[in-house]
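In case you want the letters, here they are:
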Amino acid sequence: MQKLIIDINALCHTFSDGYLGIKNVSLSISKGEFVILAGKNGSGKTTFLRHLNGLLLPDSGVIFVNGHDVSKHLIQTRKTVGMVFQDADTQIVGDTVFDEAAFGLENLKVKRSKINEKVTQVLEDLNLFHLKNRSPSTLSGGEKRKLAIAGILVMNPEVIVFDEPFSNLDYPGTIQVLSTIINLNRSGHTIIIATHDVETIISEATRIIIMEEGLVKEDGKPDSLIKYLESYGIKEPCSSKLGLGLQPWLT
Ligand SMILES: Nc1ncnc2c1ncn2[C@@H]1O[C@H](COP(=O)(O)OP(=O)(O)O)[C@@H](O)[C@H]1O
Ligand SMILES: [Mg+2]
């Protein structure tokens, strides 16, 4: 049995207008898992993800990350759980690719030599180093999204959470981001991806959690849940519709 990294007990979230965004969710995630959080728009995926690193706090229930209560250990939690936001590449602030990737470490007042070493390593791992002096605005969609991932990776998170990582990407961009995510999981990171469209990643995932109206409706292996996707408003992958089961999207 793999060690638990995230343990959620009876999580509820009510918005200020009284809307119940998350309704009594309990589940745990082990180190190294590759989890898809699926559900149609408005099912509560983003709200759920924002609890995993304390951007939102439960009005009841508790979340433990590495055994620590998130609401009492925000800094520790955010070091463990990195979050790549939806359309994170539209929030780029650095003048160069290097500066952009260095931003989080600079905020933490890390020594310049350490920043340079870490940023160089991450840019090399993501095959972005040759672009280090470019203005982020000149990058392709896939490169921008990878740069957003680099900005998170420099902080060394064990868990990386992605909110709709393939939105607005063309085919080459999707391939770049998908290969990056697969490599991160192979190198030991726990991956959680929220998406309303599972086609690209379902064959890579070890687990799929389906949300609807703030509830977890299904939680299991992708091949056993694939035929139920459409009853929750999530498109069944074409390969499955054709009777071919789960086929890797990346060949
Ligand atoms: N700040 C807010 N105030 C009230 N309701 C909200 C707020 N943010 C999100 N919601 C509602 O919570 C539900 C879940 O939203 P969200 O977590 O963004 O879903 P998803 O990411 O699955 O599309 C939606 O019905 C949405 O309108
Ligand atoms: Mg969302």
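Scroll up to find the structure.
Residues numbered from 1 in each chain as written. Chains lettered and ligands numbered in written order. Predicted model: local features only at pLDDT ≥ 70, side-chain atom pairs only at ≥ 80, totals over all residues. Heavy atoms only, no water.

(A) Local environment of the nonpolar core. Val119, Phe162 and Ile208 are the most contacted members of the largest nonpolar core, which totals 47 residues. Elements supplying a minimum of two residues to this core: strand 3 (34–38), helix 3 (97–107), helix 4 (112–125), helix 5 (141–153), strand 7 (159–163), helix 6 (171–186), strand 8 (190–195) and strand 9 (207–212). Among the elements that line this core, the one with the most residues is helix 5, at 6 residues. Among all residues touching phenylalanine 162, those that are not within four sequence positions of it are Leu49, Val84, Ile149, Ile181, Leu184, Ile191, Ile192, Ile193 and Ala194. (Core = buried A, V, L, I, M, F, W, Y, C linked by side-chain atoms within 4.5 Å. Buried < 20%, exposed > 50% of the residue type's maximum accessible area, 1.4 Å probe, protein only. Helix = DSSP H or I, 4+ residues; strand = E, 2+ residues; numbered from the N terminus. Contact = heavy atoms within 4.5 Å.)

(B) Structural context of the site of ligand 1. Close contacts around ligand 1 come from Phe15, Asp17, Tyr19, Lys40, Asn41, Gly42, Ser43, Gly44, Lys45, Thr46 and Thr47, and that covers them all. For ligand 1, an oxygen atom lies 3.0 Å from a polar atom in the backbone of glycine 44. The separation between an oxygen atom of ligand 1 and a polar side-chain atom of threonine 47 is 2.5 Å. Relative to its free-state accessible area of 560 Å², ligand 1 is covered by the protein chains to the extent of 62%. Here the shell around ligand 1 is built from residues that sort into 2 nonpolar, 6 polar and 3 charged. (Near = heavy atom within 4 Å. Polar contact = N/O pair within 3.5 Å; in protein donor to acceptor, adjacent residues only side chain to side chain. Areas by Shrake-Rupley, 256 points an atom, 1.4 Å probe, with all protein chains shown as cover. Nonpolar A, V, L, I, M, F, W, Y, C, P; charged D, E, K, R; others polar.)

(C) Local environment of the environment of aspartate 125. Along the chain, aspartate 125 falls in helix 4. Overall, aspartate 125 belongs to the exposed group, its relative accessible area being 56%.

(D) Local environment of helix 5. With 13 residues, helix 5 should reach 18 Å at 1.5 Å per residue; the first-to-last C-alpha distance of 18 Å fits that figure. When helix 5 is considered as a whole, its buried residues turn out to be Gly142, Glu143, Arg145, Lys146, Leu147, Ala148, Ile149, Ala150, Gly151, Ile152 and Leu153. Each element contacted by the buried residues of helix 5 is listed here: strand 6 (81–84), helix 3, helix 4, strand 7 and helix 6. (Expected span 1.5 Å × (residues − 1).)

Just distances and angles here, no functional claims.
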